[in-house]
Amino acid sequence: MKRLIRPVYNAGGYVFATKAADIARSAGYDMPARLASNENPYPPSPDVLAAARLALRNVNRYPDERSDEFRLALKEKFGDFSFVSGVGMDGVIETVIRTTIGDGDRIVVSTPTFSFYRLAAQAQGGEVIDVPRNDDFSVDAEKISSAASECDAKIVFLCTPNNPSGNVTPGKDIEKILDSIDGMLFLDNAYVDFCDEDYISLMSDYENLIIGRTMSKYYGLAGLRVGFGIVPGWFADYYERAQTPFVLNSVSMAAAAAALRNDSYTVKYHSVVKEWRERFINESPYPAVSGGANFVMFDVSPYEGDEVVGMLARKGVIVRSCASFPGLGDNYIRVSIGEPWENEMFLKEINSL
Ligand SMILES: *Cc1c(COP(=O)(O)O)cnc(C)c1O
């Protein structure tokens, strides 16, 4: 029956960080430090739980197809822009690509970076043009612009703060790219809440900018799968046409709206991130890229990332090897900032490898 499957799915899919968790469990750690997926380690606030519980009472009904409540909360928080939503930002990325990319269309990706742009584009028959980042993982705006013009890219994908390197691309470089491309720029801002740049003001000046955001990281709702995009007004209607009907469930939307309205609760995690990001960089024996996300990437040479992940897992610390990121060497790990006890555990073990 395998002949029924499209060839694009023979190559494998998204790589999850599960193996390390299995190793930790078999080493006897029932409560390992979970620092592989960049999640907010704290449970949602009572407000969020109450909103979800209330929505749960009405799940015999289809959800609001226009996501009015969630959109209203987005407008209150970010301003009067056009918003679209999706099942995680992954869902937004997938729908943006389904709206725009068909056989032979090209996207430009600034590598090494998040892998899902590539998978989603290839699934639609699109072609991926990689533009490598500089050695320090910064972005060469001119290189991106000229690559995009050369291949007539429909979309450029740029992640800032970048996953996995964590560094932030300055707004002026983003403007350079926006000014010089014919297609759109998808700015992946999954971690923007942890840095000092805010790109939203660019929305007023550009018709070719999409900002992708998620409720999974800073807002702590990874399990509910809510992402959103800030899009140019002309694009929103086409996006809706490409989207699965009733894509966001009512419980997730209610919780997300409540989380946006009460982010004083998430501020606690924000301060944990700021403090420990510095400590990770200063107190680890391996060089780190300094960044603006809730994780830090380390160069663990002469070890390979996979080896270090195995060694740490046997000590009950789960981190992510970066070996699966195309365009990055084999010697990197990415470590999320978790609760203080988890962070302590990581620093202790990385110092005694
Ligand atoms: C986590 C992540 C996302 C998507 O997260 P969702 O849980 O699907 O909202 C998107 N981009 C990057 C860079 C991420 O790290």
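Owing to the predicted nature of the structure, the values given are computational and were not obtained by experimental measurement.

Some details on the overall build of the chain
Across its full length, the chain holds 12 helices and 12 strands. Scaling as 2.2 N^0.38, a compact globule of 353 residues should have a C-alpha radius of gyration of about 20 Å, and the chain matches this with 20 Å. Dimensions along the principal axes, computed over C-alpha positions, put the chain at roughly 55 × 55 × 50 Å. Considering the chain as a whole, with its 353 residues, one finds that 54% of them fall into the buried category. Within the chain, counting contacts between residues at least 6 apart in sequence, those at least 24 apart form 74% of the total. When the accessible surface of the chain is summed, it comes to about 16000 Å², and 50% of that surface belongs to carbon and sulfur atoms. Between the mean site of the 35 positive side-chain charges and the mean site of the 48 negative ones, the chain shows a separation of 7 Å.

With respect to the pattern of salt bridges
In the structure shown here, the tally under the stated rule is 18 salt bridges. The salt bridge partner of Asp68 is Arg66, with a shortest N-O separation of 2.9 Å. A salt bridge links Arg98 to Glu94, with the nearest nitrogen and oxygen atoms 3.0 Å apart. Here Arg98 pairs with Glu94, and both are found in helix H4 (residues 88-100), just 4 residues apart, close to one helical turn. For Arg98, a relative accessible area of 30% translates into the label partly exposed. Salt bridges sharing partners connect three or more residues here, namely Glu69, Glu76 and Arg261.

With respect to the sheet that holds strand E4 (residues 127-132)
Strand order in the open sheet formed by 7 strands is E2-E8-E7-E6-E5-E3-E4, and the pairing between neighbours is mixed. Sheet topology places strand E2 (82-87) and E4 at the edges, where each strand pairs with a single neighbour. Strand after strand, the sheet turns through a mean of 25° between neighbouring axes, direction not considered. Seen against the sheet, H4 touches E2, strand E5 (155-159), strand E6 (184-188), strand E7 (209-214) and strand E8 (226-231) and runs at an angle of roughly 110° to E2.

A look at the domain arrangement of the chain
By domain assignment, the chain separates into domain 1 (2-43 + 266-350) and domain 2 (61-263). For domain 1 and domain 2, the distance between their C-alpha centroids amounts to 23 Å. Taken together, the contact pairs 31 residues of domain 1 with 30 residues of domain 2. Both sides together, the interface formed by domain 1 and domain 2 hides about 2300 Å², and carbon and sulfur atoms give 62% of it. Contact with domain 2 buries surface across domain 1, with Tyr14, Thr266 and Pro326 losing the most and accounting together for 22% of the total. Counting across the domain 1 and domain 2 interface gives 1 salt bridge.

Some details on the pairing of E5
Within E5, 5 of the 5 residues are buried, which leaves the element mostly enclosed by the surrounding structure. Side chains Ile155, Phe157 and Cys159 of E5 all project onto a buried face; the interleaved residues Val156 and Leu158 project onto the opposite face, where all are buried too. Both strand E3 (residues 106-111) and E5 contribute to a ladder of 3 bridges, which runs parallel. Note that in E5 the partner of Val108 across the bridge is Val156. Sheet topology note: the E5/E6 ladder contains 5 bridges and is parallel. Its bridge partner being in E6, Val156 is matched across the sheet by Leu185. As for the winding sense of the linkage, the β-α-β connection from E5 through helix H7 (residues 171-180) to E6 is right-handed.

A look at the packing of helix H6 (residues 141-151) against H7
It is at 9 Å that the axes of H6 and H7 come closest, and there the two elements cross at 20°. The angle between H6 and H7 falls in the class roughly parallel. The way H6 lies across H7 gives a crossing that is right-handed. Residue-level inspection shows Ala141, Ile144, Ser145 and Ser149 of H6 in contact with H7, the latter providing Asp173, Lys176, Ile177 and Ser180. Partitioned by chemical class, the residues of the contact of H6 with H7 number 3 nonpolar, 3 polar and 2 charged.

Calculation rules
- Residues numbered from 1 in each chain as written.
- Predicted model: local features only at pLDDT ≥ 70, side-chain atom pairs only at ≥ 80, totals over all residues.
- Heavy atoms only, no water.
- Helix = DSSP H or I, 4+ residues; strand = E, 2+ residues; numbered from the N terminus.
- Rg over C-alpha atoms; globule rule 2.2 N^0.38 Å.
- Buried < 20%, exposed > 50% of the residue type's maximum accessible area, 1.4 Å probe, protein only.
- Contact = heavy atoms within 4.5 Å.
- Areas by Shrake-Rupley, 256 points an atom, 1.4 Å probe, with all protein chains shown as cover.
- Lys, Arg positive; Asp, Glu negative; His and termini not counted.
- Charge placed at Lys NZ, Arg CZ, Asp CG, Glu CD.
- Salt bridge = Lys/Arg side-chain N within 4 Å of Asp/Glu carboxyl O.
- Pairing = 2+ DSSP bridges.
- Axes fitted to C-alpha atoms, helices over the stretch in contact; angles between N-to-C directions.
- Domains from an automatic or database assignment.
- Buried area = accessible area lost by both parts, 1.4 Å probe.
- Right-handed = clockwise from strand over helix to strand, strands pointing away.
- Parallel < 35°, antiparallel > 145°, perpendicular 65-115°, else oblique.
- Left-handed = near helix turned anticlockwise from the far one by under 90°.
- Nonpolar A, V, L, I, M, F, W, Y, C, P; charged D, E, K, R; others polar.

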